[in-house]
Amino acid sequence: MTKRFGEITALDRVNLSIEDGDYVCVLGPTGAGKTTLLRIVAGLLELDEGEIYIDGKCVNNLPPEARDTVYMFQQYALFPHMTVWQNVSYGPEIKDRDREKVEQLTAEILEMVRLAERRDAYPHELSGGMQQRVALGRGIASGARILLLDEPLGALDARLRVSLRTQLRQLVKDQGLTAVHVTHDQEEALMMADRVVVLRNGRIEQTGTPHEVYSRPHSIFVASFVGGANFVEGTIIGSSDAGSIMEVFGGLQIQVAVSDVGAGERAVLAFRLEDTGVGEEEVTGANNLPGVIESATFIGGSMEYEIRLENGVSIVSKILMSDTFKAYTAGQRVVASFPPEKGHIFPYPVMGLLKEVEVI
Amino acid sequence: MTQSINPSRLVVWATLIGLIVLVLLPTFYLISYVFLKWGDVRVEVFENPIIGDENWRQILKVLFFSFRLSLSTVAFDLVFGVPLAYVLARKQFPGKGLLEDLITLPLVIPTSGFGFATLITWTSVAGIGGFLGMNTGVIPLDAVVPVINVPLIVFIVHVALTFPYIVRTLETKIQSIDTTYETASRTLGANPLTTFRNVLLPLVLPGIFSGAVLAFARSLGETGATLIVAGVSSTASIAIVRWTAEFKLATAAFMGSLLVIIAWALILPVEWYMGREKRSFKTPYRLPSSLIKRVMRLERYASEKLTRIKDFAPIFVLVLTVIVPIIVVANSVISYWSADPYTGKVQGGVVYQLFGPANYFNTLAKATLTSIIVALVSTYVSTCIAMPLSFIIVRRWYGGFIRSILKVPLIVPTSSLGLSVLLLWGSSGFNLVGSGIWLIILTHIAFSVPVIVESILSSYEGSDIQMYEDSARTLGATAYNAIETVSLPLIKGGVLTGFILSFAHSLGETGATYIVMGRDITVPALVVNMVEALAIPAALFTSTYLIVLSMILLTVIRFTTRR
Amino acid sequence: MPEVKLVNVTKRYGKIVANDGVTLTIKDGEYVCVIGPSGCGKSTLIKNIAGIITPDEGEIYIDGRRVNELPIEERGIGYVFQNIALFPHLSVWGNVTYGPRVRGLSPEETRPLAIEMLEMIKVSERSDAYPNELSRGTQQKTAVARALTSRAELLLLDEPLGALDVKVRAALRSELKRLVKDLKLTALHVTHDQEEALSISDRVVVMKMGRIVEEGAPINLYTRPKKLFTANFVGEANFLPGEVVKASGKSILVELEEGVEIRAEASGQRMGDRVVTAFRPEFVNVETNGVNRLKGRVVDVLYSGSTVRIRVKLGNGSIVVAKQMLHSEAATIRGGDDITLSIPPQRILVYPYPEGGLEKELALE
């Protein structure tokens, strides 16, 4: 698929396959082209080049109502002049189904989203979470087998978002539908998706299961965007079957898994915040990085430590709260560590490291 | 989105044809008439065997007069209109609805009736003069505005009639700007007036331009009221009426064409400028730094002490120019009811004139019927064209162009529009329709369609209808279905408002009607006749009757839009 | 001397009481976050302090001075908006110098202030750009700089990160904290994101329906929330209602259902009290020989990067969520498995059963 808006290429030769019944999350920063992609699949936007096939059939020339898809807007787009009942029954009614069947279906759906007693309410009388459920119900009632969700949880409070994630996925799975869910929240994607597609500037950076994308990122961007990581520059000084050794600023040597980067070349090492342990002593078998705690920030279920290593580089460690949790304070000398197999090596990017990981 | 079903294609074509034949052709016909009959025009205007190029001189004289009048009107409007627009857009207060109605009133008020009411109020003993114990009017008929040299009474009428254009356009524009910018400015330490100059003004400049241009064009094209109050002087638009009556058709057509071209020349750059607004926001002006400190001190003072004045001065102007004449004329009907209060003569009373030998009552009844038929039919047809047209404008690539062109019939002088229609369909042109009720209806359609379209479009733009339509499409509705079940219900308000606005406007329209009416007469045109026949009490009665009618309609609009 | 003091502030909109007798003190130099679900009144509160709206009742003091009648421009505050509100017709430089300019400073006096601020937020090379040319994150940084260039010492932030991507939010968060601390400002920050509040503030105030529910240091609100709502709103929690069947000295025994009892630390409960026990998913242990064993069946297992969330249905139908690191034994658990959970007694919080019902008390909207 290719789509241009004037000089900007919103989608650049994107190839994507989605299986029946999959819950796919398209993940990427604002402006990556996720909404454009979704709108094109829905038929609300035309492709400049490329084809879309639904169930083996090319749908390029089919209008939105003829595709087997339904689009859910971030702001829900509930018809303001219709009640909850009328909104949900809109799809079936338009398709001219049998009156009784429509009523039965609508009642079922309202039960499913737990809004049966609000059937006569108007959208503006409902809370955000309720509106989202009506929108979902309406989409499911339309009978479309593919749900296109544009940041479905984006308009909700953070706390509400978290609790609705499982409910949304459950609903989709129970109905046996296929979902394409667009979001910029990587935690959401990792938690809800069967497969994750990472999109950046109109191109797919990586696709795979959440686990794959998280533990085997193909690029610095993916490592940074999905899950976040510590990045350290250095040079590969040796490789063997067991792994490679990288030397970073200050002469510190790190052991990592086998990588493609050859000896003598500049590379970037990435290791996850959650894979970075903090302790008072070295850990056998791991890469040990002695340093001093610069700051300790408590973030709800976990503690983030900023640690300044002996060579001047700063890294972050994220420790999940648990029963055996031990707190460290600023100024304390500690040893950060991570297992060699959790260190990912990437070739040093042409445009510089900052460009790849920059967020603002 | 790419599929066209037969019914919708048919509708699109029918609408476009209706647009061209009923709205655009009449508007621009004058110009083509002048081209086609250039020989005749040239002779009559420039190389007249009897008077040489006197007609051309007349045209120029009249144009310059009109320009002086209209420019000064707009300047005055801006001074008082900008603060009022700001107050209306940003503040809430009891009676705000009433104030908004008051401002809308001049848009629907019958111009001839209003002109007459203003005339009586200021220049006659029956008005304020008598109230104050004088035995003439407060302002002599030939009083002139200093420096600009236009008759005061004409100036007052023009201010009253153009004021709403500036206030409403600017008010809408200000409302479209997020208040957070102004709040941000205040939190940074700027008082409200400095905030207005630094933040709001640059962002609403297009609205001020647009409003000023509309007001200017409205003043340029104002015919009905001017016919009554102008006395011996002549604006461009009433010159057209006079020349048509004198059968100097070529001259009138030439004048009319000039006015259409001027109208278009004004609209085009403004539309282009307004279309640019989203892309370039840079501040167009900058005060020299030496002045700034002094200016800000002044603003601080003004913000604290002068807010009351800023709030009340425009209202005062409004009251004087709009409310007072209405009260006076209504009051006069009562005092003139049975006899002239000054001479005691029964013949000078309203009742006598209505039911006596002149039997104006009969004429009035017939005229009312005509007016209502015209208004109903023309508004209905216009709505049928305007509704699909609005959707075409929103969804097709050439929509923006249509929208700009539609502004022209709105600002072209009504007399010029009337003449154009007369020449197009009447005996000099296609000879399909003679003067009379059908021609009036055709004329009214030409300026009603734009009014209804604008009303629908503003209600469309104020909402997310596009999103709802898209939603409906993905739920399985065809484009046609989506419009029917989702978009139409949501623009209902806009259609209704447009309908009533158009109906009221049609009832009170004078200038164009006067030219094409032939034997059939509408009520506003009747007022003109009465004034010329010096049947003052009858004119009083008819004016009041018309004004009350438009006020009732306005209340109906308010009631329906509230819901 | 306290920087900001609110005494009994009440604001009504028709029948809705947005702020209901709110009393709050923010000390000089403190970074306070006010959190709560939509409609709890936090935005109204901050607008009251700024002067954008005026309270119907109550007093507001800034630095000891009563400001109820003072117009916005005279309160000496910096304000950051959710929708950024950079003046679209002015460049970055024009925006940042706006404050000093309208306060009467000359261009010579303004220059160094603006340059310093732009340096601090690292936007110096883009000072000629216009807002619509910048990314949203950079726009908001500029807006913060604009608010601070006028030397205000009180910074008010109304959902400042709400319009930004999740990743951008996290990055901007730390920059914001650094800026406020470096400049030694007092900050009041309103948000619905509790993670944001916990990481950035010295003290967190939780609001619900116009009232303050609880306030305290982030870690205290997390480990020892005093109210049920706080336990649910700040971080996640499992809630299991029950009855106290034994209360002796340091610990109590709560019966959740027939035959299932758990032990918790005592805090004033008596025999027969109806209570709700709460414990965080992070503290639930899986298949160990711990105390407080709960048996159930796994409903599903959800992964989220490096953590695993296991949802377990207990015998009586309640759902308990356990959260573990991926590399623990939890990784091998599958849906449908039988499972035993255990929770350390000191991690169990006990609350009286709410009068209005549990669901209503916990409602997030």
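Residues numbered from 1 in each chain as written. Chains lettered and ligands numbered in written order. Predicted model: local features only at pLDDT ≥ 70, side-chain atom pairs only at ≥ 80, totals over all residues.

1. Some thoughts on the overall build of chain C
Quick note on the threshold: In this description a helix means any DSSP run of H or I spanning at least four residues, a strand means any run of E spanning at least two, and both kinds are numbered starting from the N terminus. Put plainly, a residue is buried at 20 or more neighbouring C-beta atoms within 10 Å of its own, exposed at 12 or fewer, and partly exposed in between, counting only other residues' C-beta atoms, which are placed from the backbone. Any pair of residues counts as being in contact when their C-beta atoms, constructed from backbone geometry, are within 7 Å of one another.
Along chain C, the regular secondary structure elements total 10 helices and 20 strands. Residues classed as buried in chain C amount to 47% of the 365 residues present. Within chain C, residue pairs in contact and separated by at least 24 positions form 65% of the contacts whose partners lie at least 6 positions apart.

2. Here we look at the interface of chain C and chain B
The interface is formed by 21 residues belonging to chain C together with 20 residues belonging to chain B. Taken together, the elements giving at least two residues each to the side of chain C that touches chain B come down to strand S6 (77-80) and helix H3 (98-102) of chain C.

3. What to know about the environment of Val 167 of chain B
All names here are of chain B. The topology assignment puts Val 167 in helix H7 (residues 152-175). In this structure, the C-alpha to C-alpha distance between Val 167 and Val 453, residues 286 residues apart in sequence, is 20 Å. Leave out the neighbours within four places in its chain, and Val 167 touches Gly 81, Leu 84, Ala 85 and Ile 103.

4. Notes on the interface of chain C and chain A
We apply this condition: For this classification, Asp, Glu, Lys and Arg are treated as charged, while Ala, Val, Leu, Ile, Met, Phe, Trp, Tyr, Cys and Pro are nonpolar and the rest, including Gly, are polar.
Contacts between the two partners involve 40 residues from chain C, matched on the other side by 36 residues from chain A. Elements that contribute at least two residues to the side of chain C that touches chain A include exactly helix H5 (136-149), helix H6 (166-182), helix H7 (194-200), helix H8 (218-223) and strand S16 (293-304) of chain C. Of the residues forming the side of chain C that touches chain A, the biggest block, five residues, is contributed by H6 of chain C. Its residues assigned to classes, the side of chain C that touches chain A shows 17 nonpolar, 13 polar and 10 charged.

5. Some thoughts on the pairing of S6 of chain C
Residue and element names in this part refer to chain C. Going by this rule: Here, strands pair whenever DSSP counts at least two bridges between them.
The two faces of S6 match: Ile 77 and Tyr 79 on one face and Gly 78 and Val 80 on the other face are all buried. Across four bridges, the pairing between S6 and strand S7 (residues 154-158) is parallel. Across the sheet, Val 80 pairs through a bridge with Leu 157, a residue of S7.

6. A few points about the sheet that holds strand S12 (residues 244-248) of chain A
Residue and element names in this part refer to chain A. The condition that has to hold: Whenever a helix is involved, its axis is fitted only over the stretch in contact; in every case the axis is a line through C-alpha atoms, and angles between N-to-C directions fall within 0 to 180 degrees.
The strand order across the open sheet formed by five strands is S13-S12-S11-S14-S20, and the pairing between neighbours is antiparallel. Of all the strands in the sheet, the pair left with one neighbour each is strand S13 (253-256) and strand S20 (344-347). The mean angle between the axes of side-by-side strands here comes to 45 degrees, regardless of whether they run parallel or antiparallel. In terms of strand pairing, strand S11 (residues 229-239) meets S12 through five bridges, oriented antiparallel. Residue pairing across strands places Thr 235 opposite Glu 247, the latter belonging to S12.

7. Some words on the domain arrangement of chain C
Accessible area lost upon the coming together of the parts is a frequently used measure of interface size. As a reminder of what qualifies: For the purposes of this description, domain bounds are those given by an automatic or database domain assignment.
Domain annotation of chain C identifies domain 1 (4-231) and domain 2 (236-354). Taking the mean C-alpha position of each, domain 1 of chain C and domain 2 of chain C sit 39 Å from one another.

8. Points about helix H4 (residues 128-141) of chain A
All names here are of chain A. So the rule is basically this: Working rule for helices: expected span equals 1.5 Å times residues minus one.
Taking 1.5 Å per residue, 14 residues should reach 20 Å; H4 reaches 20 Å between its end C-alpha atoms and fits that length. For H4, the tally of buried residues reaches 12 of 14 residues, placing the bulk of the element in the interior. Within the span of H4, buried status applies to Gly 129, Gln 131, Gln 132, Arg 133, Val 134, Ala 135, Leu 136, Gly 137, Arg 138, Gly 139, Ile 140 and Ala 141. Where the residues of H4 are buried, they touch strand S6 (69-72), helix H2 (84-94), helix H3 (99-112), strand S7 (146-150) and helix H5 (158-174). Just beyond H4, the residue with positive phi is Gly 143, at close to 85 degrees.

9. Quick notes on unusual backbone geometry
Even without a glycine there, the phi angle at Arg 13 of chain A is positive, about 50 degrees. For Arg 13 of chain A, the location among the structural elements is in the loop between strand S2 (8-11) and strand S3 (23-27). Its 12 C-beta neighbours within 10 Å are what place Arg 13 of chain A among the exposed residues. The backbone phi angle of Leu 534 of chain B is positive, close to 60 degrees, even though this residue is not glycine. Mapped onto the elements, Leu 534 of chain B comes out in the loop between helix H23 (523-532) and helix H24 (536-562).

10. Things to note about the packing of helix H16 (residues 360-395) of chain B against helix H21 (residues 479-508) of chain B
All names here are of chain B. Definition in use: Note on convention: near helix rotated counterclockwise from far helix by under a right angle means a left-handed crossing. Clockwise means right-handed.
At a minimum axis separation of 9 Å, H16 and H21 run at an interaxial angle of 145 degrees. Of the two elements, H16 crosses H21, and the hand of that crossing is right-handed. Between H16 and H21, the residues in contact are Ser 371, Val 374, Ala 375, Ser 378, Thr 379, Ser 382, Thr 383, Ala 386, Met 387 and Phe 391 and Ile 483, Val 495, Gly 498, Phe 499, Ser 502, Phe 503, Ser 506 and Leu 507, respectively. Across the contact of H16 with H21, the residue classes break down as 10 nonpolar, eight polar and no charged.

11. Overview of helix H9 (residues 192-221) of chain B
Residues and elements named next belong to chain B. Cut-off, in case you're wondering: The angle between axes fitted to the seven-residue stretch ending at a residue and the seven-residue stretch beginning at it gives the bend at that residue.
Here H9 spans only 37 Å end to end across 30 residues, well under the 44 Å set by a 1.5 Å rise per residue. A maximum bend of about 60 degrees is found in H9 at Leu 201, where proline Pro 202 lies one to four positions downstream. For H9, the tally of buried residues reaches 23 of 30 residues, placing the bulk of the element in the interior.

12. Details of the sheet that holds S6 of chain C
Residues and elements named next belong to chain C. One open sheet holds the six strands; their spatial order is S6-S7-S8-S3-S9-S10, and the pairing between them is mixed. Edge positions in the sheet fall to S6 and strand S10 (211-216), since each has one partner strand and no second. Adjacent strand axes in the sheet meet at a mean angle of 15 degrees, parallel and antiparallel pairs treated alike.

13. Quick look at the confidence of the model for chain C
To keep things clear, this is the line we draw: As a per-residue measure, pLDDT reflects the predictor's confidence and takes values from 0 up to 100.
When pLDDT is averaged across chain C, the result is 90; 98% of the residues are at 70 or more. Here the predicted complex scores 0.86 on pTM and 0.85 on ipTM.

14. Regarding the environment of Leu 69 of chain B
All names here are of chain B. One can find Leu 69 in helix H3 (residues 54-90). On the basis of neighbour count, Leu 69 is assigned to the buried category, with 26 C-beta atoms found within 10 Å. Between the alpha carbons of Leu 69 and Pro 388 there is a distance of 39 Å; along the sequence they are 319 residues apart. With near-sequence residues (within four places) excluded, Leu 69 lies in contact with Val 150, Val 154, Phe 155, His 158, Ser 219 and Thr 235.

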